[in-house]
Amino acid sequence: MELSDLYSERILDLAGNAPQPGRLADADASARKVSRVCGSMIEVDVVVRDGAIAGYGHEVSACALGQVSAAVVAREIVGTPVAEFLAVRAQMHDMLKDGGPPPGGKWDDLKYLEPVRDYPNRHVSTLLVFDAVAAAIEKLESSQALAARG
């Protein structure tokens, strides 16, 4: 498979029509992730209410693969329980690194990223948005745990 085969018509369509939600002024937590391999960067903001993601914003400077992941996340994340999002993140890691199946349901468009598994140097940029949201959730959970103890 050639690298150019990764950039299918659907990948380019998803990247080209990616929602750009912008940053949230009232985020509960934020996180930034950068790929040292390609320089792709994403900053995410999340609002969590009752165990679900109630608000999401991002700023992305990434390759088409990172843009597609971020586009699907931006489109689907609001209303998603935190545990479900973390499970989708684990599925993406498994899909790319261990040959697992792509996420389904409302996350079905992530299947178009399945060919990335053959390009380990593209895994980080494809997973950036998932890792950034997970980092923001971890920050929020640890600040809530500190507040509960305080």
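This write-up is about the structure you can find in this document. (Residues numbered from 1 in each chain as written. Predicted model: local features only at pLDDT ≥ 70, side-chain atom pairs only at ≥ 80, totals over all residues. Heavy atoms only, no water.)

**Focus on the environment of Leu-127**
The condition is simple: The way it works is that DSSP assigns letters per residue, a run of H or I at least four long becomes a helix, a run of E at least two long becomes a strand, and they are numbered from the N terminus. In this analysis, two residues are considered to be in contact whenever any of their non-hydrogen atoms come within 4.5 Å of each other.
Mapped onto the elements of the fold, Leu-127 is located in helix 4 (residues 123-149). Here the alpha-carbon distance between Leu-127 and Ser-69, two residues 58 residues apart in the chain, equals 7.2 Å. Setting aside its immediate chain neighbours within four residues, Leu-127 contacts Met-92, His-93, Leu-96 and Lys-97.

**What about the side chain of Ser-35?**
Worth spelling out the cut-off: Polar contacts, as used here, are pairs of N or O atoms within 3.5 Å; protein pairs need one atom able to donate a hydrogen and one able to accept it. Residues neighboring in sequence count only if both atoms are side-chain atoms.
Note that Ser-35 resides in the loop between strand 1 (29-34) and strand 2 (41-49). From its side chain, Ser-35 meets the backbone nitrogen of Val-37 in a polar contact 3.2 Å long. A polar atom in the side chain of Ser-35 sits 3.3 Å from the backbone nitrogen of Cys-38. Those residues in contact with Ser-35, other than ones at most four positions away along the chain, are Ser-40, Val-124, Ser-125 and Leu-128.

**Observations regarding the packing of helix 3 (residues 82-98) against helix 4**
Inclusion rule: Lines fitted to C-alpha atoms define the axes here, with helix axes fitted over just the stretch in contact, and angles between the N-to-C directions of these axes take values from 0 to 180 degrees. An angle below 35 degrees is treated as roughly parallel, one above 145 as roughly antiparallel, one from 65 to 115 as roughly perpendicular, and anything else as oblique. Helix crossings get a hand from a simple test, with the near helix turned counterclockwise from the far one by less than a right angle marking a left-handed crossing and a clockwise turn marking a right-handed one.
At a minimum axis separation of 10 Å, helix 3 and helix 4 run at an interaxial angle of 150°. Judged by the inter-axis angle, helix 3 sits roughly antiparallel to helix 4. For the pair helix 3 and helix 4, the crossing hand works out as left-handed. Between helix 3, through Val-82, Phe-85, Leu-86, Val-88, Arg-89, Met-92, His-93, Leu-96 and Lys-97, and helix 4, the contact on the second element is made entirely by His-123, Thr-126, Leu-127, Phe-130, Asp-131, Val-133, Ala-134, Ile-137 and Glu-141.

**So, the side chain of Thr-80**
Within the secondary structure layout, Thr-80 lies in the loop between helix 2 (64-76) and helix 3. From its side chain, Thr-80 meets the backbone oxygen of Glu-76 in a polar contact 3.0 Å long. Contact partners of Thr-80, with chain neighbours within four places excluded, come to Ala-52, Ile-53, Phe-85, Lys-106 and Trp-107.

**Remarks on the pairing of strand 2**
Basically, it comes down to this: Working definition: with a 1.4 Å probe on protein chains only, accessible area under 20% of the residue-type maximum means buried, over 50% means exposed, and in between means partly exposed. Here a strand pair is declared whenever DSSP counts at least two bridges between the two strands.
Burial analysis of strand 2 places eight of its nine residues in the buried class, which makes it a mostly covered element. In this structure, strand 1 lies alongside strand 2, joined through six bridges in antiparallel fashion. By the bridge assignment for strand 2, Arg-32 is matched with Glu-43. Between strand 1 and the antiparallel strand that follows it, strand 2, lie six residues; Gly-39 among them carries a positive phi value of about 85°. Counted between consecutive antiparallel strands, the loop separating strand 2 from strand 3 (residues 52-61) contains two residues, among which Asp-50 sits at a positive phi close to 50°.

**Some points on the packing of helix 2 against helix 4**
Remark: helix 2 packs on helix 4, axes separated minimally by 7 Å, with the N-to-C direction vectors making an angle of 25°. Accordingly, the angle class assigned to the pair helix 2 and helix 4 is roughly parallel. The interaxial crossing formed by helix 2 with helix 4 has right-handed handedness. Facing Leu-65, Gly-66, Ser-69, Ala-70 and Val-73 of helix 2, the residues of helix 4 in contact are Ser-125, Thr-126, Val-129 and Phe-130.

**Quick word on the nonpolar core**
Put simply, the test is: The definition of a nonpolar core used throughout is a set of buried Ala, Val, Leu, Ile, Met, Phe, Trp, Tyr and Cys residues joined through side-chain atoms within 4.5 Å.
Grouped together as the largest cluster of nonpolar side chains are 41 residues, with contacts concentrated most on Val-44, Tyr-56, Phe-85, Leu-113, Val-129, Phe-130 and Val-133. Elements that contribute at least two residues to this core include exactly helix 1 (9-16), strand 1, strand 2, strand 3, helix 2, helix 3 and helix 4. Residue contributions to this core peak at 10 residues, all from helix 4. Residue contacts for Phe-85: discarding those within four places in its chain leaves Ile-53, Val-73, Ile-77, Thr-80, Trp-107, Phe-130, Val-133, Ala-134 and Ile-137.

**Describing the pattern of salt bridges**
This is how it is decided: Take a side-chain nitrogen of Lys or Arg and a carboxyl oxygen of Asp or Glu: if they are within 4 Å of each other, that pair is a salt bridge.
Under the criterion given, the structure shown has 10 salt bridges. Its salt-bridge partner being Glu-76, residue Arg-75 comes within 2.8 Å of it at the nearest N-O pair. Exposure remark for Arg-75: the relative accessible area of 41% places this residue in the partly exposed category. Residue Arg-117 is joined to Glu-114 by a salt bridge in which the shortest nitrogen-to-oxygen separation is 3.3 Å. Among the ionic contacts, a cluster of salt bridges with common partners joins Arg-10, Asp-13, Arg-75, Glu-76 and Asp-109.

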